[in-house]
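Okay, here's what each chain looks like letter by letter:
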Amino acid sequence: MAQFWKPGTERPLLLDDEEAGIFLSSAASASSSRLGFVNIEKQRQTLPVYKYREAILYLVETHGTTIVVGETGSGKTTQIPQYLKEAGWADGGYVIACTQPRRLAVQSVASRVAEEMGVKLGEEVGYTIRFEDLTNTDFTRIKFLTDGVLLREMMDDPLLTKYSVIIVDEAHERSLATDVLLGLLKKIQKRRPELRLIISSATIEAKSMAAFFRIRKKHTVPEGEKQEPNPEPAILSVEGRGFNVQIFYIEEPVSDYVRTAVSTVMSIHKQEPMGDILVFMTGQDDIEAVLHLLEEEAQQSKSSLGLVPLPLYSGLPRADQDLIFSPTPRGKRKVVICTNIAETSLTLEGIVYVVDSGFSKQRYYNPISDIENLVIAPISKASAKQRAGRAGRVRPGKCYRLYTEEYFLNEMSNEGIPEMQRANLVSTVIQLKALGVDNILGFDWLSSPTPEAMIRALEILYSLGVIDDDAKLTSPIGFQIAEIPLDPMISKMILASSEFGCSEEIITIAAVLSIQSIWVSGRGQQKGMDEAKLRFAASEGDHVTFLNVYKGFLQSNKSSKWCHKNFVNYNAMRKVIEIREQLRRIAHRIGVVLKSCDTDMEVVRKAVIAGCFANACRLDASSHNEMYKTFRGSQEVYIHPSSVLFRVNPKWVIYHSIVSTDRQYMRNVISIDPSWLIEAAPHFFVKQKLNHVHS
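Residues numbered from 1 in each chain as written. Predicted model: local features only at pLDDT ≥ 70, side-chain atom pairs only at ≥ 80, totals over all residues. Heavy atoms only, no water.

## Some thoughts on the side chain of Arg44
Okay, so step 1: One can find Arg44 in helix α2 (residues 37–46).
Okay, so step 2: Within polar-contact distance, the side chain of Arg44 engages the side chain of Gln82 at 3.4 Å. (Helix = DSSP H or I, 4+ residues; strand = E, 2+ residues; numbered from the N terminus. Polar contact = N/O pair within 3.5 Å; in protein donor to acceptor, adjacent residues only side chain to side chain.)

Here's what the structure looks like:
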């Protein structure tokens, strides 16, 4: 058995983390239990994955690709990178990478591993997510990052030469970036057979992953040549340490899953023994609705005493995330209301009850209408199983499904649709082109994208001037846009702003558009919030309104008090400032002239059009002034109530994104002059089509 720690090295300790996975304890709680590093060692040895330590290291040594199948909570995410480091895979300046589909998971796993190893986060253990790099080139040996960030790193280092092992975690989630990454890693392995891959996945995908990485030709080593790892993928199954979970179904289908979830939480609280509750909702809006209803319950009855409701979604500020991971106070019961982020990526302590709404929010892109919707869609059986499994981690648990058993058995699909087959592929295509993959249709996909989505992506990139007639990246525009880690339409806005002399303004707008929202969610405060928005509202629309908020924030000396008074999210504004700085650095590097246009908002709107002309819509004259039709595909769309142009209804607008609920709503809308569309993209707009609108 290999020796783990060198004797005498001091290891600070975490709270007793029986069920493993991820757990952030605050410094105070960590230092209060002075039990020495031996205890961490003991904790690590109680994890299910520990029994497989030797087997994992042996397979990684002998095989190019190892597929580790294990339930969330087996400890694979936190332990395998440490085993690899202990076995010498980070010697000689090499780095061990571990990718996650979600940013929140990257941050929390990295914190956990740094704590276990007794090192400061950002030194030996670090993480990188978009717009945030907490690593040190000289010291970092274990690096956690999102799939998307690793794809970006390939632009500078196509063969990822600094990594000895790359762990792709949660690969069964089949995010767009994961699928592209797996295809590229398979290519890299042909050039770098010494690179080891560990694909960590739930049971469902293991066989297809193994088939994907299987090399067709026989593996033989000529006499006297260095033994290379066996290219055949190995599969290892690590049992979790799950307890039995009782499943309850609803007898009749429900019409309002938000209210049903709340009443289920209340009945668990009244009737069941202590233990935390995890509620799966679709997104921030639902989560806030549940929190609001629970607050109302608290005001009306004593029965909700002792409930501690906490939200969990990806845009959540770090301080709020930490609350979720901290231990539940005695005599209290935490209710964590989350999106599907807690389905696989994060391990939460103390959860005994799960309430599953049966839905999640998913992106669905329709290449024919060119509209990408965020749709609330039913989950798959695989997801339902993952959700239920969260209840059986500390002791036997219960899962309450807000759908009927018949629906689960007969109508629910077995697996979800990979994002690759339901997403807009514009960013994917430009990334592959920038990495030198010219024959995109011939690329080795885990699941092939639809031809329609591929054609539409090429068409949009062509109209933006990113690719030429031969579908190759144009120089310099195509390469410059590929450098900016944003949607190509926003990147094009930044490039165009250089010519219009408004790059400082457009970079601010791009920074705001890349976070969820700069407004505080107005639970029960709609009136105050609407009034606050009016203080900043610009007649041109939301993009210019963002500039007003940003200016006000700077004038207040970045004051949190000012934010509170104006219903502006302080943490979001700090993030905007950080992102803006990064974008300025990138813009400067690729030759964008950093200049402000002061009060000339016409050039700002023209720069927005230069990138987003494909999102143009015009007011439908026959619709009593509220319905718009998209320029392409003539889809019926409406301005979202959160927009400052709601009910103003200018004749022509450009939107940033579309959200689908009872209607298709345009979010982040700006008014434009239609003649600017022809200036910006004459090849895209036929004059006649625009002319009859002027009349």
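## Things to note about the packing of aromatic side chains
Okay, so step 1: Inspection of every chain in the model, using the stated rule, returns 13 aromatic pairs.
Okay, so step 2: Ring plane angle 70 degrees and centroid distance 5.7 Å describe the contact between Phe536 and Trp562, whose orientation is recorded as edge-to-face. Residue Phe536 is located in helix α20 (residues 526–536), and its partner Trp562 is located in helix α22 (residues 560–565); the two are separated by 26 residues in the primary sequence.
Okay, so step 3: Among the aromatic side chains, those forming a connected cluster through ring pairs are Trp519, Phe536, Phe553, Trp562 and Tyr570. (Phe/Tyr/Trp six-rings, centres within 6.5 Å; stacked < 30°, edge-to-face > 60°.)

## A few points about the sheet that holds strand β3 (residues 125–129)
Okay, so step 1: Strand order across the open sheet formed by 8 strands is β4-β3-β5-β2-β6-β7-β1-β8, with mixed pairing between neighbours. Either end of the sheet is taken by a strand with one partner, and the two such strands are β4 (132–134) and β8 (234–238). For this sheet, the mean inter-axis angle between neighbouring strands, taken without regard to orientation, is 20 degrees. (Pairing = 2+ DSSP bridges. Axes fitted to C-alpha atoms, helices over the stretch in contact; angles between N-to-C directions.)

## Quick notes on the packing of helix α18 (residues 488–500) against helix α24 (residues 601–612)
Okay, so step 1: α24 packs onto α18 with a crossing angle of 140 degrees between their chain directions and a minimal axis gap of 7 Å. Judged by the angle between their axes, α18 and α24 are oblique. Seen along the crossing, α18 lies across α24 with a hand that is right-handed. Of the residues in α24, those in contact with Met489, Lys492, Met493, Ala496, Ser497 and Phe500 of α18 are Val603, Lys606, Ala607, Val608, Ala610, Gly611 and Cys612. (Parallel < 35°, antiparallel > 145°, perpendicular 65-115°, else oblique. Left-handed = near helix turned anticlockwise from the far one by under 90°. Contact = heavy atoms within 4.5 Å.)

## Describing the environment of Lys162
Okay, so step 1: Within the secondary structure, Lys162 sits in the loop between α6 (147–156) and β6 (163–168).
Okay, so step 2: Classification of Lys162 as partly exposed rests on a relative accessible area of 37%.
Okay, so step 3: Not counting chain neighbours up to four residues away, the residues in contact with Lys162 comprise Gly93, Tyr94, Val95, Lys143, Glu153 and Asp157. (Buried < 20%, exposed > 50% of the residue type's maximum accessible area, 1.4 Å probe, protein only.)

## Here we look at the pairing of strand β15 (residues 371–378)
Okay, so step 1: Pairing of strand β14 (residues 359–366) with β15 involves 8 bridges; the strand directions are antiparallel. By the bridge assignment, Lys361 is partnered in β15 with Ile376.
Okay, so step 2: Connecting the antiparallel pair β14 and β15 is a turn made up of 4 residues, with Asp370 showing a positive phi of about 60 degrees.

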